[in-house]
Amino acid sequence: MTRRLLHIALLALPPALLCALVRLLPAFAARWSSWLARPILRLIASIGGRLPISLMEWGALALILALCIGFILRLCRRGMMHAIVHLLRRIGILLMVLIHLTVALWYPLYFAEAPLHITATPAQLTASCRALVDALSASSLDFSALPEDLPAKHPAFPFWMDALNLAGFASFLSGEAMISPELDDAAVPFVAVHEFMHTLGHADEGATNLAAWDECLRRGGVYADSARLWALKDSLALLRRMDSDAWSSIRSELPPQLNHLIDQLGGETAPPRGAALAVLKLLGLAEHAQSYDILALWLAADISI
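Residue positions within a chain follow its written sequence, with the count starting from 1. Only residues with pLDDT of 70 or above have their local features reported here, since the model is predicted, and side-chain atom pairs are shown and tallied only from 80 upward, although totals for entire chains, interfaces and linings are computed over all residues. Calculation of side-chain values draws on the structure's entire complement of heavy atoms; hydrogens and water are dropped beforehand.

A. Inspection of the overall build of the chain at higher detail. Helix and strand definitions here come from DSSP, where helices need a minimum of 4 consecutive H or I residues and strands a minimum of 2 consecutive E residues; each element is numbered from the N-terminal end. Helix and strand counts for the chain come out as 14 helices and 2 strands. Taken along its principal axes, the extent of the C-alpha atoms in the chain is 70 × 40 × 35 Å. Relative accessible area decides the class of each residue, using a 1.4 Å probe on protein chains only: under 20% of the type maximum gives buried, over 50% gives exposed, and in between gives partly exposed. A buried classification covers 40% of the 305 residues belonging to the chain. Positive: Lys, Arg. Negative: Asp, Glu. His and the chain ends are not part of the count. All charge positions are set by atom: Lys at NZ, Arg at CZ, Asp at CG, Glu at CD. Of the charged side chains in the chain, 23 are positive and 26 negative, and the gap between their average positions amounts to 18 Å.

Structure follows, in structure tokens:
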């Protein structure tokens, strides 16, 4: 038993040491991310993102089936207790592999760059909202025919995204970006690009939104319209918290089509709470996971619309 515990401790030492290093030494996290993590993630994305099937989901299903078959075989040959112990060991090995990969390829990305701290006044935010409305009013806002080059897939088994209430998901292990089939058409292009940016090595939510904004404007068309709609939604939500009168004024002036599209996109992105927030704070990721306002603040401060 002592040897087994020592073996587990030795296996846990490398990821624990790497976690400490990237949190204490931002320069180390930046070099690790630029020299190792991001190149590997982009290589994985160049393969997994092009596959017509969901490698993550089918791979997970294959692992579950393999565990079940192994459990049944052990149960028939060695009995219940041995089968349970064998199953728990296999699950433990898989979890250890997942922890090592997450710490090596994903965790350092959060500390490679300092969190963005942008401030804007209600007046700046109001001007940004009006600029977004003007840009959107000049477009047809026709999302009936979505582009065929979306950089994200629909899940093979959508129930898990519905259960977790996810609009999108990025798997760094398979390099795939996925979007919920329940997502409104107007939101699809921006959410697809946002998740795609995650697969390329953008971890912080605010920084990912900025990267997705730039990419959507570069692509133009419905991508740019979707990005501006999403930015307007977030900007209005932030303005409502800062100056409810200014928010009411802008909402009352919106054309009916824009009002309808904003409502279709839904409300604010819910921040993590409870146990999830406690875990994020423990890992030093709470600020990175709640930085959705960065795009609205950046546009308000810069008004690059």
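B. Representation of the pairing of strand 1 (residues 168–171). Pairing between strands requires that DSSP locate at least two bridges from one strand to the other. The pairing of strand 1 with strand 2 (residues 176–179) spans 4 bridges and is classified as antiparallel. Bridge pairing in strand 2 places Ser 171 opposite Glu 176. Once strand 1 ends, the chain turns through 4 residues before running back antiparallel as strand 2, passing Gly 175 with a positive phi of about 70 degrees.

C. Looking closely at the pattern of salt bridges. In the sections that follow, a salt bridge refers to a side-chain nitrogen of Lys or Arg positioned within 4 Å of a carboxyl oxygen of Asp or Glu. Throughout the structure, instances matching the rule amount to 8 salt bridges. With a shortest N-O distance of 2.6 Å, Glu 176 and Lys 153 are connected by a salt bridge. Pair noted here: Glu 176 is in strand 2 and Lys 153 is in the loop between helix 5 (122–137) and helix 6 (159–164), with a separation of 23 residues, a long-range link. What makes Lys 153 buried here is its relative accessible area of 13%. A single salt-bridge network, built from bridges that share partners, covers Asp 149, Glu 215, Arg 218 and Arg 219.

D. Seen up close, the packing of aromatic side chains. Note on aromatic contacts: the rings of Phe and Tyr and the six-membered ring of Trp form a pair at centre separations within 6.5 Å, being stacked when their planes are under 30 degrees apart, edge-to-face when over 60 apart, and tilted otherwise. Scanning all chains against the criterion turns up 7 aromatic pairs. Residues Phe 28 and Trp 32 carry aromatic rings whose centres are separated by 5.8 Å and whose planes lie at 45 degrees to one another, so their mutual orientation is tilted. Separated by 4 residues within a single helix, Phe 28 and Trp 32 lie in helix 2 (residues 26–48), roughly one turn from each other. A centroid spacing of 5.8 Å and a plane angle of 15 degrees characterise the contact between Trp 106 and Phe 172, whose relative ring orientation is stacked. Here Trp 106 is found in the loop between helix 4 (80–105) and helix 5, whereas its partner Phe 172 is found in the loop between strand 1 and strand 2, with 66 residues between them in sequence. An identical accessibility class is assigned to Trp 106 and Phe 172; each is buried. Taken together, the aromatic side chains of Trp 106, Tyr 110 and Phe 172 make up a single cluster linked through ring pairs. For a Lys NZ or an Arg CZ to count as sitting over a ring, it must be within 6 Å of the ring centre and within 35 degrees of the ring normal. The aromatic ring of Trp 230 is capped on one face by Lys 233, whose charged end is 4.5 Å from the ring centroid. Between the NZ or CZ atom of Arg 240 and the centre of the ring of Trp 247, over which it lies, the distance is 4.0 Å.

E. Highlighting the side chain of Lys 153. Reaching out from Lys 153, the side chain makes a polar contact with the backbone oxygen of Ile 53 at a distance of 2.7 Å. The contact criterion used throughout is that any non-hydrogen atoms of two residues lie within 4.5 Å. The residues contacting Lys 153, other than those within four sequence positions of it, are Gly 48, Gly 49, Leu 51, Ile 53, Ser 54, Glu 176, Ala 177, Met 178 and Ile 179. Definition of a polar contact: a pair of N or O atoms within 3.5 Å, with one able to donate and the other able to accept a hydrogen when the atoms are protein atoms, and with sequence-neighbouring residues admitted only if both atoms are side-chain atoms.

F. Quick look at the environment of Leu 67. Structurally, the position occupied by Leu 67 is in helix 3 (residues 55–78). Once the C-alpha coordinates of Leu 67 and Arg 90 are considered, the two residues, 23 residues apart in sequence, prove to be 7.6 Å apart.

G. Main features of the packing of helix 8 (residues 205–219) against helix 14 (residues 294–302). The contact between helix 8 and helix 14 brings their axes to 8 Å, and the two run at 60 degrees. Compared by their axis directions, helix 8 and helix 14 come out oblique. From helix 8, Gly 206, Asn 209, Leu 210 and Trp 213 reach across to helix 14, where they touch Ile 294, Leu 295, Trp 298 and Leu 299. Each residue gets one label: Ala, Val, Leu, Ile, Met, Phe, Trp, Tyr, Cys and Pro are nonpolar, Asp, Glu, Lys and Arg are charged, and the others, such as Gly, are polar. Here the residues of the contact of helix 8 with helix 14 are counted per class, giving 6 nonpolar, 2 polar and no charged. An axis is simply a line fitted to the C-alpha atoms; with a helix, the fit covers only the stretch in contact. Between two such axes, the angle follows the N-to-C directions and lies from 0 to 180 degrees. For this classification, under 35 degrees means roughly parallel, over 145 means roughly antiparallel, 65 to 115 means roughly perpendicular, and everything else is oblique.

H. Summary view of the environment of Leu 254. If you trace the backbone, Leu 254 turns up in the loop between helix 10 (244–253) and helix 11 (256–265). Under the relative-accessibility criterion, Leu 254 is labelled buried at 6%. Along the primary structure Leu 254 and Ala 167 are separated by 87 residues, whereas in three dimensions their C-alpha atoms are 25 Å apart.

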